[in-house]
Amino acid sequence: MPKLRLDDRVTISVSGKDADALLQGLVTTDIGALADDEIRPGALLTPQGKILFDFLISREGEALRLETSRDQTEALLKRLTMYKLRSAVELSLLTPAPVAVVFGEERPEGSYRDHRFEKADMSVFRLYREIAGAEANVADYDRLRIEAGIAVAHRDYALQDAFPHDVLMDLNGGLSFRKGCYVGQEVVSRMQHRGTARRRVVIVASEAELPPTGTSLTINGRPIGSLGTVQGKAGLAIVRIDKAGEAIAKGDPILAGDVQVTLALPGWTGLAFPAEADEASA
């Protein structure tokens, strides 16, 4: 059984009778649609619609659990505390907070289905307890994310620099257009209805080892994005897919540094590269 321990992840409990209502009015995820046995992605946005914090959200009995990267935890707790005001909500850091990932076999007892991987037809489960045999192997987890086209903050994009559409939240269950208002909702709804999202996560591949994270992806010397997570000859990037599509149609090479690469949109998204660049949405 492949078992991974993610030591860079931390969990926050949001409890109390107003917990659901508080998060429903703040974050991108539809809390009312969250099943008891699943995990969905989510974000707290800036008023301009950019991702301020990213996390995974699940239920733990009557409470809600937010799993996020360790370096986001303190600031996220402060921001939630600011928003809760006098609501009947308690916020607490769950310590110790082991996060484990199991994949490639039947669902373990007490685990949660990761909705992001389900969209990619991959069975990946998360557990919030110690499990025997789990290894701290971020590289193996990164390979899973690359295969599924799943981007995370700091590894693939900078906070306050990406819209939810950029990281496929409009397609992976992390962004609701039906539940009503939340912070940044007007901006992302406008992007959805106008179809103006042009930056998207792509899977990058090469016949040679890819250069490191942060290396620019270019077409004829012009940048269209930069590498995020890299594992050997595969990686993730967020790029202008209209620019990439135009280059693919013309046969122009796409480079990561000096290495020629191919780009593919994750198959589960149903997205395709446009054949021409859209200068109006630059």
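Described in the following lines is the structure provided in the data block. Computed from a predicted structure; not experimentally measured.

### What to know about the pairing of strand β11 (residues 216-219)
Bridge count between β11 and strand β12 (residues 222-231): four bridges; the pairing is antiparallel. Paired with Ile 219 across the strands is Arg 222, a residue of β12. Once β11 ends, the chain turns through two residues before running back antiparallel as β12, passing Asn 220 with a positive phi of about 55°. Relative to strand β14 (residues 254-256), β11 runs antiparallel, the two being bridged by three bridges. In the sheet register, Leu 217 faces β14, and the bridge partner there is Ala 256.

### A look at the environment of Lys 179
With respect to the secondary-structure elements, Lys 179 resides in the loop between α4 (138-148) and α5 (185-194). According to the relative accessible area criterion, Lys 179 is buried, its value standing at 18%. Between the C-alpha atom of Lys 179 and that of Glu 105, which follows or precedes it by 74 residues, the distance is 34 Å. A polar side-chain atom of Lys 179 sits 2.5 Å from the main-chain carbonyl oxygen of Val 27. Engagement of the side chain of Lys 179 in a polar contact is seen with the backbone oxygen of Thr 29, the distance being 2.6 Å.

Rules behind the numbers
Each chain has its residues counted from 1, running along the sequence as written. Reporting in this predicted model follows two pLDDT cut-offs: at least 70 for local features of residues, and 80 or more for side-chain atom pairs to be given and counted; totals over whole chains, interfaces and linings ignore these cut-offs and use all residues. Hydrogens and waters are ignored; side-chain quantities use all the structure's heavy atoms. Note: two strands are recorded as paired if DSSP finds a minimum of 2 bridges between them. Here a helix means four or more residues in a row that DSSP labels H or I, a strand means two or more in a row labelled E, and each is numbered from the N terminus. Whether a residue is buried, partly exposed or exposed follows from its accessible area with a 1.4 Å probe, protein chains only, as a fraction of its type maximum: under 20%, in between, or over 50%, in that order. By the criterion applied in these results, polar contacts are pairs of N or O atoms within 3.5 Å in which, for protein atoms, one can donate a hydrogen and the other can accept it, and in which residues neighboring in sequence qualify only through two side-chain atoms.

These values are about where atoms sit, not about what they do.
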